[in-house]
Amino acid sequence: MRPNLIFEKVLGRLQRSRLNRRAVQELSRSLALIVDREALEASVAARIRELFDPDRMAILEPDPATASFLPGFSFGLKDSELSGLRLAARGKLARWLAVNETCLVLDRQPGVHEYLDPAERDLLDGLRLNLCVPMVSLNRLTGILLLGSDRPGWTLNRADAELLNLLASQASLAFENAALYRAQRERLDRLYRAERLAAVGQLAAGVAHEIRNPLTAIRSTMQYLLRGLDPGEPKHQLVEELLREVDRINSTVGGLLSLSRSGEIRKSEIDLLEPLGKAVQLVQARAAEQGVAIESDLGGSARRVLGDSGQLKQVFLNLLLNALQSLPGEGRISVAVTPWPPLRGREDAPWVQVRITDDGPGIPPDQLRRVFDPFYTTKRDGTGLGLAICHGIVEQHEGEIQMDSEVGAGTTVSVRLPWIEGSHGQRSDRG
Ligand SMILES: Nc1ncnc2c1ncn2[C@@H]1O[C@H](COP(=O)(O)OP(=O)(O)OP(=O)(O)O)[C@@H](O)[C@H]1O
Ligand SMILES: [Mg+2]
C-alpha cells in the first residue's frame, strides 16, 4: 500500500473515532436533560440510526407484570411484527446479554445462536433482527436494543461494537435516571394526595357527626308521615322521593366518615383472595345483567397479607363497581393477582398486586390526575368518594394504589400490598 494511502486510512480511522467519541458525548449530554422515557428512546434511536443506519430497530423495555421485555420505541417493523416481539426476562437471550454485557451478532456467533431458546431464535430470525445489545446499569439488564439490516455488507467491526456498547450503557443510565425521577415524582404526588385527604378527612369527621344527628331525626319523622299517607296519593310519592334523597345524604356522610376512620382498621393475617373473591361475587350478578364478563385469574396459591378483610373488600368492591359503571353496555373486566415486582431484584421485599382492568372508555390525562380527589366525580349520582376511600384504606395497609388509563382502550387500577414473608408458595412464578 502506498504510504499516502496508509496515512489517509489511519487519518480516516482517527477522524471517525473522534467523531464517534463526540457522538457519544453529545448523546449523554442531551440524554441528561430528558426525563421522559419515550423521548429518551426516540433520541437514542435517532443517534443509532445516524451512526449505524440499520433498516429496523426496536428498544425493548422491561415489563414487570409479564416478566418480559416488550418493544418501546421502534422503526422499520410492522405493528403485526411488534405485537409478537416479546422476550422472557429469564430467557436465554436476556441471561446471555446480562452476563456478557456486550453486543451479540447472531450471524457471527453461531454458537450463541444455537444456545438460544428455539422460540427466541425463530423470533429474531423471522424479524431479521440479528444484532442484540444489552442495556445494563448497576449489573442489571434494563433493556435490550435489537437491530437488523438487509444490506449484505452491513455488519459491525470492533470499534462499532464498542461504540454501540457505550451508547447502550449511556442510554441505560439515562433510563434509570428517568425511572428514578418518575418514582420520586409519584412518591411526592402520593404524599400530597395523602396530606390533602387527611385534611379533608379531619374536616369531614367533624361535619359528618353534626349532619348525622339531625338527619336521623328527619328520616324518622318522614317515615312517620309516610305511614299516614295513602300509597296512591302524590304526597306519598313525594315523601318517598325525599326519603331517597335523605339516604343519599346519609351515604355521602358515611363515605366522609370513612375517609377519616384511621383508627378503625383491624388488621390480621388474611388471604387476600378472600376479600377479593367476595367482592367479585357481589358484583357478579349485576355484571351478568349488564352483559359484562368478569374474568378472574386469582393465581391459585394463597396470598397472605396483614389486612382488614372487610375494608379490603370495600376497596375491591368500589373498584369493580367503577369498572362496571364505566362500561356503557357489554364489556370485559379482568381481575388478576400477581407478585409485585416480579423483576428488578426486590426479592427481599415482595408485594402482591391486584389489577382490575376494564375495556371501558378510559380517562383523559387531565382527569386522571383528579380521580382520587374527594368529591371528584363525572357521574350524575356519584359522590366522588369511592376512590378517595380506597386510597385511604390502601394507605392504612401501607400499600399503594395506582390508576392507569388510556382513552379508548380502558382503565387499570393496581392495588399493591406488602406480602407476609414466606407466604408465597411458588417462587418460580416471580418472573
Ligand atoms: N374504571 C373507570 N373507568 C373510567 N373512569 C373511572 C373509572 N374509575 C373511576 N373513574 C372516574 O373517576 C371518578 C371518581 O371515581 P370515584 O369512585 O371516586 O367516584 P364515583 O364513582 O364518581 O362516585 P361513587 O364512588 O360514589 O359512586 C369517576 O366519577 C369516574 O369519572
Ligand atoms: Mg366509584
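The text that follows walks through the structure, step by step, so that each part is easy to find. Here the residue index of a chain counts from 1 through its sequence in written order. All chains are assigned letters beginning at A, and all ligands numbers beginning at 1, according to the order in which they are written. Local features in this predicted model are restricted to residues of pLDDT 70 or higher, and side-chain atom pairs are both shown and tallied only at a pLDDT of 80 or more, whereas totals for entire chains, interfaces and linings draw on every residue. The side-chain numbers reported here are obtained from all heavy atoms of the structure, hydrogens and water having been left aside.

We now examine the pattern of salt bridges. In the sections that follow, a salt bridge refers to a side-chain nitrogen of Lys or Arg positioned within 4 Å of a carboxyl oxygen of Asp or Glu. Overall, the coordinates contain 16 salt bridges when judged by the stated rule. With a closest N to O distance of 3.2 Å, R128 and D150 form a salt bridge. Here the residue R128 occupies a position in the loop between α6 (118-126) and β5 (131-137), and D150 occupies one in the loop between β6 (140-148) and α7 (158-227), the gap between them amounting to 22 residues. Only protein chains enter the accessibility calculation, which uses a 1.4 Å probe. A residue is then buried if its area is under 20% of the maximum for its type, exposed if over 50%, and partly exposed in between. Relative accessible area serves as the criterion here: at 42%, R128 is assigned to the partly exposed category. When salt bridges with common partners are traced through the structure, they connect R37, E41 and E61 into a single cluster. To qualify as a helix, a DSSP run of H or I must reach at least 4 residues; to qualify as a strand, a run of E must reach at least 2; elements of each kind are numbered from the N terminus.

Here a Phe, Tyr or Trp ring, Trp counted by its six-membered ring, pairs with any other such ring whose centre lies within 6.5 Å, and the pair is stacked when the planes are under 30 degrees apart, edge-to-face when over 60, and tilted otherwise. Following the criterion strictly, the structure yields zero aromatic pairs and no others. Put simply, a charge is over a ring when the Lys NZ or the Arg CZ is close to the ring centre, within 6 Å, and near the line of the ring normal, within 35 degrees. Positioned above the aromatic ring of F175, the side-chain terminus of R37 is 4.0 Å from the ring centre. Taking the ring centre of F75 as reference, the NZ or CZ of R49 above it sits at 3.9 Å.

Here the focus is the side chain of H113. Inspection of the secondary structure puts H113 in helix α5 (residues 110-115). What makes two residues a contact is simply this: any of their non-hydrogen atoms within 4.5 Å. Discounting chain neighbours no more than four positions away, the residues touching H113 are L106, R121 and D125.

Once that is clear, we can look at helix α12 (residues 386-396). L387, A388, I389, C390, H391, I393 and V394 are the residues of α12 that are buried. The elements touched by buried residues of α12 are α7, α8 (234-259), α10 (309-326), β12 (400-406) and β13 (410-418). Among the residues trailing α12, E398 stands out with phi positive, at a value near 55°.

It is worth spelling out the packing of α7 against α8 at this point. For helices, the fitted axis covers only the stretch in contact; all axes are lines through C-alpha atoms, and the angles between them, taken along N-to-C directions, range from 0 to 180 degrees. Running from N to C, α7 and α8 point in directions that differ by 155°, and their axes come no closer than 8 Å. One element, α7, and the other, α8, form an angle in the roughly antiparallel class. As for how α7 packs across α8, the hand of that crossing is left-handed. Lys, Arg, Asp and Glu make up the charged group, whereas Ala, Val, Leu, Ile, Met, Phe, Trp, Tyr, Cys and Pro make up the nonpolar group; the residues left over, Gly among them, are polar. For the contact of α7 with α8, the class distribution of residues is 18 nonpolar, six polar and four charged. Orientation categories follow fixed angle ranges, with anything under 35 degrees roughly parallel, anything over 145 roughly antiparallel, 65 to 115 roughly perpendicular, and all other angles oblique. Each crossing is labelled by how the near helix is turned from the far one, with a counterclockwise turn of less than a right angle marking it left-handed and a clockwise turn marking it right-handed.

It is worth spelling out the site of ligand 1 at this point. Lining the immediate environment of ligand 1, one finds 18 residues, of which T377, T378, K379, T383 and L387 sit closest. Here T378 contributes a side-chain N or O atom positioned 2.4 Å from an oxygen atom of ligand 1. Contact between ligand 1 and T383: an oxygen atom at 2.5 Å from a side-chain N or O atom of the residue. In isolation ligand 1 offers 590 Å² of accessible surface; the protein chains occlude 89% of this area. Looking at side-chain class alone, the shell around ligand 1 contains seven nonpolar, nine polar and two charged residues. Note on definitions. A residue lies near a molecule or strand when any single heavy atom of the residue is within 4 Å of it. Distance and chemistry together define a polar contact, namely a pair of N or O atoms within 3.5 Å, with one atom able to donate a hydrogen and the other to accept it when in protein, and with adjacent residues in sequence counting only for side-chain atoms on both sides. Note that accessible areas follow from Shrake-Rupley with a 1.4 Å probe, and for residues the cover is restricted to the protein chains shown.

Attention now moves to the nonpolar core. By convention a nonpolar core is built from buried Ala, Val, Leu, Ile, Met, Phe, Trp, Tyr and Cys residues, the set being connected through side-chain atoms within 4.5 Å. Among the nonpolar cores identified, the biggest contains 48 residues, and F316, L319, I333 and I356 are the most heavily contacted of them. Considering each element in turn, this core owes the most residues, eight residues, to α10. Discounting chain neighbours no more than four positions away, the residues touching I333 are V292, A293, I294, E295, L320, A323, L324, L327, I356, T357 and D358. Counting 29 residues, the second-largest nonpolar core is a separate cluster that includes L40, I48, L164 and A171.

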